[in-house]
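Analysis of the macromolecular model
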Amino acid sequence: MDHAAAGPPDAQSLPGCYRHPDRETGIRCTRCERPICTDCMVNASVGFHCPDCAAGRTGNGPAPAASRPRTLAGGTIAADPHLLTKILIGLNAAVFIAVQALPSSFLSDMVLIGRWPPAPFVPTEGVAEGEWFRLVTTMFTHEEIWHIGFNMIGLWFLGGPLEAALGRARFLTLYLVSGLAGSALTYLLASPTTATLGASGAVFGLFGATAALVRRLNADMRPVVILLAINLVFTFTWANIAWQAHIGGLVAGGVIGFAMLHAPRERRTLVQYGACALVLLVVVGLTLLRTAQLT
């Protein structure tokens, strides 16, 4: 994705390049956040670096919060910035193979279902019966090849840049909490006897966080908006799609992504993980509410 400088704000508000103070610029180094002009910026995997950070030196401007290089969100830069994305894809693929190879009881134990069997039978399965693990297992479960194909393509193209921008711990937190939010909203609004499955909630969470990343980098938002709009059209027009998971994941991912990428530097960790905790609290609240309704 090409990154663009900020639009034409008031010239008086723009700082000068830390190496060329007479050159006003809206671009900042994604490591140390010093202002850099177009002659000084060095292309990086996420955004741009100043010459000092690109060379591994410590300049005279504001230093990073830690001596180790940091991602845009303050995470540690890894040798392979896409490792977790690959692992998540591999885990989804492994569960898909298991679904195809093992008896149908395996799939039945993995899907999200509120309460089963329905009245007049006595329910013995479902989240309402204490099987909260289904809120997680459903995020890695697919039955149809087209379903896992679409979700893994989305995970690869959205997950890679986000993992590089957030760092591994923050990216994994974003993915899991977004998926849980999608599961919780599905549990709350869908029929308790309808089984749902798939990583769509987590992938839509990556959509929400990608919008926050594009905004943080002052890049063109239109491609993300168009792609998201197309996916939302499919969400509400195709049959047998749990739109609740898509919307729940999207909202959670947007909130968490914005908090992680726009948190004030001096309170970054508190804001980032505080937002995750808040979303998790909502997930627990929705789950308890639905369980009370069903029991």
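One structure accompanies this document, and this report is about it. Note that the coordinates shown come from a computational prediction; the quantities given were computed from them, not determined experimentally.

Along the backbone of the chain there are 10 helices and 2 strands. Start at the N end of the chain and walk to the C end: the helices and strands fall as β-β-α-α-α-α-α-α-α-α-α-α. Dimensions along the principal axes, computed over C-alpha positions, put the chain at roughly 80 × 35 × 35 Å. Counting across all 295 residues of the chain, residues that qualify as buried make up 44%. In the structure as shown, the chain presents an accessible area of about 14,700 Å², 64% of it carried by carbon and sulfur atoms.

Moving on: unusual backbone geometry. A cis amide bond links W116 to the next residue, P117, at an omega of 0°. Mapped onto the elements, P117 comes out in the loop between α3 (104–110) and α4 (134–137). Of note in the backbone geometry, N218 takes a positive phi value of approximately 55° without being a glycine. Structurally, N218 can be placed in the loop between α7 (200–216) and α8 (222–237). Taking relative accessible area as the criterion, N218 reaches 35% and is therefore assigned partly exposed.

The subject of this paragraph is the side chain of Q272. Inspection of the secondary structure assignment puts Q272 in helix α10 (residues 268–294). The exposure class assigned to Q272 is buried, which follows from its relative accessible area of 0%.

A word on α8. The end-to-end C-alpha distance of α8 is 22 Å, a good match for the 22 Å that 16 residues give at a rise of 1.5 Å each. Buried residues of α8: V224, L228 and T235, and no others. Each buried residue of α8 lies within a common arc of 25° when the element is viewed along its axis, so the set occupies one face. Facing away from the buried side of α8 by over 90 degrees, the exposed positions are R222, I226 and T237. On its buried face, α8 sits against α7 and α9 (243–262).

Enumeration according to the criterion identifies 1 cavity of 30 Å³ or more in this entry. In this structure, the largest cavity occupies an estimated 50 Å³ of space. Lining the largest cavity are L112, I113, G114, T186, Y187, A190, S191, P192, T194 and T196. Classifying every residue of the lining of the largest cavity by side-chain character gives 5 nonpolar, 5 polar and no charged.

So, on to the packing of aromatic side chains. Applying the stated criterion across every chain yields a total of 5 aromatic pairs. Geometrically, the ring pair formed by W146 and F150 is edge-to-face, given 6.4 Å between the ring centres and 70° between the ring planes. In this pair, W146 and F150 are both assigned in helix α5 (residues 145–166), 4 residues apart and thus about one turn of the helix distant. Judged by its relative accessible area of 42%, W146 falls in the partly exposed class. You can call F150 exposed: its relative accessible area is 54%. Put simply, the rings of W146, F150, F234 and W238 pair up and form one aromatic cluster. One Lys or Arg, R34, reaches over the ring of Y18 and ends 4.4 Å from the middle of that ring.

Rules used throughout
- Residues numbered from 1 in each chain as written.
- Predicted model: local features only at pLDDT ≥ 70, side-chain atom pairs only at ≥ 80, totals over all residues.
- Heavy atoms only, no water.
- Helix = DSSP H or I, 4+ residues; strand = E, 2+ residues; numbered from the N terminus.
- Buried < 20%, exposed > 50% of the residue type's maximum accessible area, 1.4 Å probe, protein only.
- Areas by Shrake-Rupley, 256 points an atom, 1.4 Å probe, with all protein chains shown as cover.
- Expected span 1.5 Å × (residues − 1).
- Arc of directions from axis to C-beta.
- Contact = heavy atoms within 4.5 Å.
- 1 Å grid on protein atoms, 1.4 Å probe; cavity = no way out; pocket = protein on both sides within 12 Å on 5 of 7 lines; lining within 4 Å.
- Points joined across faces, edges and corners; volume = space filled by probe spheres on them.
- Nonpolar A, V, L, I, M, F, W, Y, C, P; charged D, E, K, R; others polar.
- Phe/Tyr/Trp six-rings, centres within 6.5 Å; stacked < 30°, edge-to-face > 60°.
- Lys NZ or Arg CZ within 6 Å of the ring centre and 35° of its normal.

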